[in-house]
Amino acid sequence: MLIHAAGGGVGLLAVQMAKRAGARVLGTVSNEAKAEAVRGVGGEALEYGEDLARRVLDATGGRGVDVVLDSVGRATQDVGLEVLARFGLLLFYGDASGSPLPIDPDRLYERSLKIGSFTLDVNHRPEIWQAARQELLRWVEEGSLRLIVSAILPLTEAAESHRRLESRQSFGKIVLDAEG
């Protein structure tokens, strides 16, 4: 599996959940701090760059990956398609760099690729979401799912937390403390 933006808060959770399911996880990162965070939860970090697709293919012996989880969108779309193995799935769940561009189905046929998108709609079948939240909390309590927090800032520094997120220098989550 390849997870884009693996050093972010959602990415680090996705790496851990994929590892829990038995996947080998490659995760893209933009700096060494994020690479260390990804390695710390069991993933293999790959820095973004012009040769990313080649490095993913090299890491998989030329086979490619079965699944690409993409929260970045437009900037990583082509790499995601390029590194998919036969019958692979590219799943978009965000668009940090802009919405993905339309994809010509002719690009999918030769390798029988699939493309989808996902969002959390907690109002659709709320009983399922409640059960999922309970299971995630159980994983956190037992220590098999770690919540990675890179900084805790007082609420008065909310603007600073946004600057850190926008600079892509933070990893994991930034928590705002309303009492700090």
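As a reminder, the structure under discussion sits directly above these lines.
Residues numbered from 1 in each chain as written. Predicted model: local features only at pLDDT ≥ 70, side-chain atom pairs only at ≥ 80, totals over all residues. Heavy atoms only, no water.

Engineer: Talk me through the overall build of the chain; I want residue IDs and the actual numbers.
Structural biologist: For the chain, the helix and strand inventory stands at 7 helices and 8 strands. Its C-alpha atoms give the chain a radius of gyration of 17 Å, within 12% of the compact-globule value 16 Å for 180 residues. Scored against the burial criterion, the 180 residues of the chain give a buried share of 33%. Long-range pairs, those at least 24 residues apart, make up 53% of the contacts in the chain with a sequence separation of at least 6. With an accessible surface of roughly 10,400 Å², the chain has 55% of that area assigned to carbon and sulfur atoms. The distance from the centre of the 21 positive side-chain charges to the centre of the 25 negative ones in the chain is 4 Å. (Helix = DSSP H or I, 4+ residues; strand = E, 2+ residues; numbered from the N terminus. Rg over C-alpha atoms; globule rule 2.2 N^0.38 Å. Buried < 20%, exposed > 50% of the residue type's maximum accessible area, 1.4 Å probe, protein only. Contact = heavy atoms within 4.5 Å. Areas by Shrake-Rupley, 256 points an atom, 1.4 Å probe, with all protein chains shown as cover. Lys, Arg positive; Asp, Glu negative; His and termini not counted. Charge placed at Lys NZ, Arg CZ, Asp CG, Glu CD.)

Engineer: Give a detailed account of the packing of helix α3 (residues 52-59) against helix α4 (residues 74-83), specifying residues and quantitative values.
Structural biologist: Here α3 crosses α4 at 25 degrees, and the two axes come no closer than 9 Å. Here α4 runs roughly parallel to α3, going by the angle between their axes. Crossing of α3 against α4: the hand is right-handed. Residues L52, A53, V56 and L57 of α3 lie in contact with α4, whose contacting residues are V79, E82 and V83. Split by residue class, the contact of α3 with α4 holds 6 nonpolar, no polar and 1 charged. (Axes fitted to C-alpha atoms, helices over the stretch in contact; angles between N-to-C directions. Parallel < 35°, antiparallel > 145°, perpendicular 65-115°, else oblique. Left-handed = near helix turned anticlockwise from the far one by under 90°. Nonpolar A, V, L, I, M, F, W, Y, C, P; charged D, E, K, R; others polar.)

Engineer: I'd like a description of the environment of V29, backed by residues and values.
Structural biologist: Tracing the backbone through its elements, the reader meets V29 in strand β2 (residues 26-29). Assessed through its relative accessible area of 2%, V29 is described here as buried. The spacing of V29 and A132 is 103 residues in sequence and 27 Å in space, taken between C-alpha atoms. Apart from the residues lying within four places of it in its own chain, the contact partners of V29 are G7, K34, A35, V38, A45, L46, E47 and Y48.

Engineer: Describe the environment of R39, naming the residues involved and giving the relevant values.
Structural biologist: Among the structural elements, R39 can be located in helix α2 (residues 32-40). Owing to a relative accessible area of 38%, R39 belongs among the partly exposed residues under this scheme. Each C-alpha atom of the pair R39 and V68 lies 18 Å from the other, and the pair is 29 residues apart in sequence. Among residues more than four places away in sequence, those in contact with R39 are E32 and A45.

Engineer: Outline the sheet that holds strand β3 (residues 44-47), listing residues and values.
Structural biologist: Pairing in this open sheet of 6 strands is parallel, and the strands run β3-β2-β1-β4-β5-β6 from one edge to the other. Bordering the open sheet on either side are β3 and β6 (114-117), each of which pairs with just one other strand. As paired elements, strand β1 (residues 2-3) and strand β4 (residues 65-70) share 2 bridges and run parallel to each other. Looking across to β4, one finds that L2 is bridged to V68. On the sheet, α4 packs against β1, β4, β5 (84-92) and β6 and is oriented at approximately 150 degrees with respect to β5. (Pairing = 2+ DSSP bridges.)

Engineer: Before we move on, can you summarise helix α1 (residues 9-20) with the specific residues and values?
Structural biologist: Between its first and last C-alpha atoms α1 spans 17 Å; for 12 residues at 1.5 Å apiece the expected length is 16 Å, and the two agree. Where the residues of α1 are buried, they touch β1, α2, β4 and β8 (173-177). (Expected span 1.5 Å × (residues − 1).)

Engineer: Outline the nonpolar core, supporting the account with residue identities and numerical values.
Structural biologist: When a protein is soluble and globular, its nonpolar side chains tend to lie buried together. Formed by 16 residues in total, the largest nonpolar core has its most connected members in L2, V56, V65, V68 and V83. When residues of this core are traced back to their parent elements, those giving at least two are α3, β4, α4 and β5. In contact with L2, not counting residues within four places along its chain, are L26, G27, T28, V56, V65, V67, V68, L69 and V83. By size, the runner-up hydrophobic cluster in this structure holds 14 residues, among which are L12, A14, L69 and I148. (Core = buried A, V, L, I, M, F, W, Y, C linked by side-chain atoms within 4.5 Å.)

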